[in-house]
Each structure stands twice: as C-alpha cells, then as structure tokens.
Amino acid sequence: MIGYYNYTVILTYMSLVSSVVGMFFALGINCGAPHPEYAIICLMLSGLCDMFDGKIARTKKNRTENEKQFGIQIDSLCDVICFGVLPSIIGYSVGMNSWLDMPILVMFPLCAVIRLAYFNVAEEIRQKKTENVRKVYEGLPVTSVALIIPLLYSFSEDIGSKLFPAVYGLAMFLIAIAFITRFKVKKPSMKTMLCFIGVGVVELVWMLYKTKIQ
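All values derive from a computational prediction rather than experimental measurement.

A. Region of interest: the packing of helix H1 (residues 10–27) against helix H3 (residues 65–93). It is at 9 Å that the axes of H1 and H3 come closest, and there the two elements cross at 15 degrees. With respect to their mutual orientation, H1 and H3 come out roughly parallel. Our pair here, H1 against H3, has a crossing hand that is left-handed. Its residues assigned to classes, the contact of H1 with H3 comprises 16 nonpolar, 5 polar and 1 charged.

B. The environment of Pro34, seen in detail. Relative to the helices and strands, Pro34 is located in the loop between H1 and helix H2 (36–57). For the pair Pro34 and Phe24, spaced 10 residues apart in sequence, the C-alpha separation works out to 8.2 Å. Apart from the residues within four sequence positions on either side, Pro34 is in contact with Phe25, Ala26, Leu27, Gly28 and Ser93.

C. Representation of the side chain of Asn120 within the structure. Inspection of the secondary structure puts Asn120 in helix H4 (residues 102–129). You can call Asn120 buried: its relative accessible area is 14%. At 3.0 Å, the side chain of Asn120 forms a polar contact with the side chain of Ser76. With residues up to four places along the chain from it excluded, the contact list for Asn120 reads Ile72, Gln73 and Ser76.

D. Molecular detail of the packing of aromatic side chains. Inspection of the entire model under this criterion finds 4 aromatic pairs. Through a chain of ring-to-ring contacts, three or more aromatic side chains come together here, namely Tyr153, Phe164 and Tyr168.

E. Region of the structure containing the nonpolar core. By size, the foremost hydrophobic cluster in this structure holds 36 residues, and its most contacted members are Leu43, Phe83, Ile90, Phe108, Val145, Tyr168 and Phe179. For this core, the secondary-structure elements that each account for two or more residues are H1, H2, H3, H4, helix H5 (145–153) and helix H7 (164–180). Considering each element in turn, this core owes the most residues, 7 residues, to H7. Residues within four places of Leu43 in sequence aside, it is in contact with Cys82, Phe83, Leu86, Ile90, Val145, Ala146, Ile149 and Pro150.

F. Summary view of the pattern of salt bridges. In this structure the tally under the stated criterion is 1 salt bridge. In this structure, Arg182 and Glu138 form a salt bridge, with 3.0 Å as the shortest nitrogen-oxygen distance. Taken together, the positions of Arg182 in the loop between H7 and strand S2 (184–186) and Glu138 in strand S1 (residues 136–138) put the pair 44 residues apart, joining distant regions of the chain. Classification of Arg182 as exposed rests on a relative accessible area of 64%.

G. Region of interest: a nonpolar patch on the surface. Nonpolar side chains collect at one region of the surface, where Tyr7, Ile10, Met14, Leu45, Leu48, Phe52 and Ile56 lie side by side and expose about 570 Å² of accessible area between them. Put simply, the parts of the chain that give the nonpolar patch at least two residues each are H1 and H2. With 4 residues, the single largest contributor to the nonpolar patch is H2.

H. Broad picture of the packing of H5 against H7. Contact pair H5 / H7: the axes reach a minimum separation of 11 Å and the direction vectors enclose 160 degrees. Compared by their axis directions, H5 and H7 come out roughly antiparallel. In the crossing of H5 with H7, the sense of the turn from one axis to the other is right-handed. Mapping the contact onto sequence places Val145, Ile148, Ile149, Leu152 and Tyr153 in H5 and Phe164, Val167, Tyr168, Ala171, Ile175 and Phe179 in H7.

Cut-off values and rules
Residues numbered from 1 in each chain as written. Predicted model: local features only at pLDDT ≥ 70, side-chain atom pairs only at ≥ 80, totals over all residues. Heavy atoms only, no water. Axes fitted to C-alpha atoms, helices over the stretch in contact; angles between N-to-C directions. Helix = DSSP H or I, 4+ residues; strand = E, 2+ residues; numbered from the N terminus. Parallel < 35°, antiparallel > 145°, perpendicular 65-115°, else oblique. Left-handed = near helix turned anticlockwise from the far one by under 90°. Nonpolar A, V, L, I, M, F, W, Y, C, P; charged D, E, K, R; others polar. Contact = heavy atoms within 4.5 Å. Buried < 20%, exposed > 50% of the residue type's maximum accessible area, 1.4 Å probe, protein only. Polar contact = N/O pair within 3.5 Å; in protein donor to acceptor, adjacent residues only side chain to side chain. Phe/Tyr/Trp six-rings, centres within 6.5 Å; stacked < 30°, edge-to-face > 60°. Core = buried A, V, L, I, M, F, W, Y, C linked by side-chain atoms within 4.5 Å. Salt bridge = Lys/Arg side-chain N within 4 Å of Asp/Glu carboxyl O. Patch = residues over 30% accessible without salt bridge, like charges linked within 9 Å, V, L, I, M, F, W, Y side chains within 5 Å. Areas by Shrake-Rupley, 256 points an atom, 1.4 Å probe, with all protein chains shown as cover.

And the structure:
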C-alpha cells in the first residue's frame, strides 16, 4: 500500500475525518438540514487533534527521513481541508450564500493554501541550516481558526441571524489577510499551549451545551 502507516499520523487523520464530517453537517448531508453548530464542534475537535499530532510524531525516534517528510506533507494537506475549506463551508451554512459572498469564501482557503505552502518551503530551508526547534512563525497559523471561529460563532445568537453572515464574512476576510501578511508570531510555550487547550475545552463544552438546549 502507498503511504506510511504508524501511530504518528493517527491524530492527523482523525482531524481530517472530523472536518469532513463537519462539512456534511454544515451542508445538511444525511442529517435533514444544515447544522453549522455541529460543524463548529467538528472544527474544534480537528484543532484539538492538531495540537498534539506533532508532539506524538516526535516521540517516534526511529522515523526515517521519508516518514518525517510524509508527516509534514500529510499534516499540511489535512490542515488545508480542516482549517481552510471547512470554515468556508461553515460560512455558506450560516448564510454567506450570495454571489457577493463568493469571493471571500474562495479567498479564505486560497490564502490558507498559500500560507501552508510557504511555511513548508521555509521550514525545509530552515531545517537544512539548523536542527533547533522553530521559535517564531510568519503570518497567522491556519490552525488558529479552530479557536477564533468557534468563539465568534458562540455570539451568533446575540449578533442576530441577519447580521451574523456579514460579521462572519468580515472575520474570514481579516483572518485570510493575516494568513499571508508578513509578521512574526512567537511560537507558543507549553504554558501558553495549555491555556489554549483550556480555552478550547471551555468553548467546546459551551458549544455542546448550546447545541443540547436548542
């Protein structure tokens, strides 16, 4: 079989599966009607998987160079779908379904692809120069949408169904620009990562609660 099969890529694949299921929910496929709230939960689960897949991959000390490169490529390809395509489909699900919305829905995954491709090239060059762990990122990491978009969606009822598609679209536009803007973001420390996880868990519990009472 083509590919490399070991425990280091399991979380990456789980992240992808979660996002594809989220797309089905967002579009109402096999569930009667669109359910963007379920899609948001799937997005958050994808983000949770992404937080740990790299750390788990590095626990396997005897990975070949091909396995390492495969892991890098498969992670980026899955990130495109999870954090580039799914947010656009959620946007369509919440009401961004006019021709005027189309440019933003297309722009978002395009910017995510550009950012991820640039990161891969820059990381490959960096690794040839040093074995030190990366300390800063250029541009907003695409995985950040797993925290930003659910937080925004949690206020959808307060914003109102008529206004929320425009607010969501504006957020998508600003995030997409941030993906490809050249500014430096310090790589989160373990303490910061734990804070992100805590925020994500709170958001997830809140979303599950709101979904239950609807």
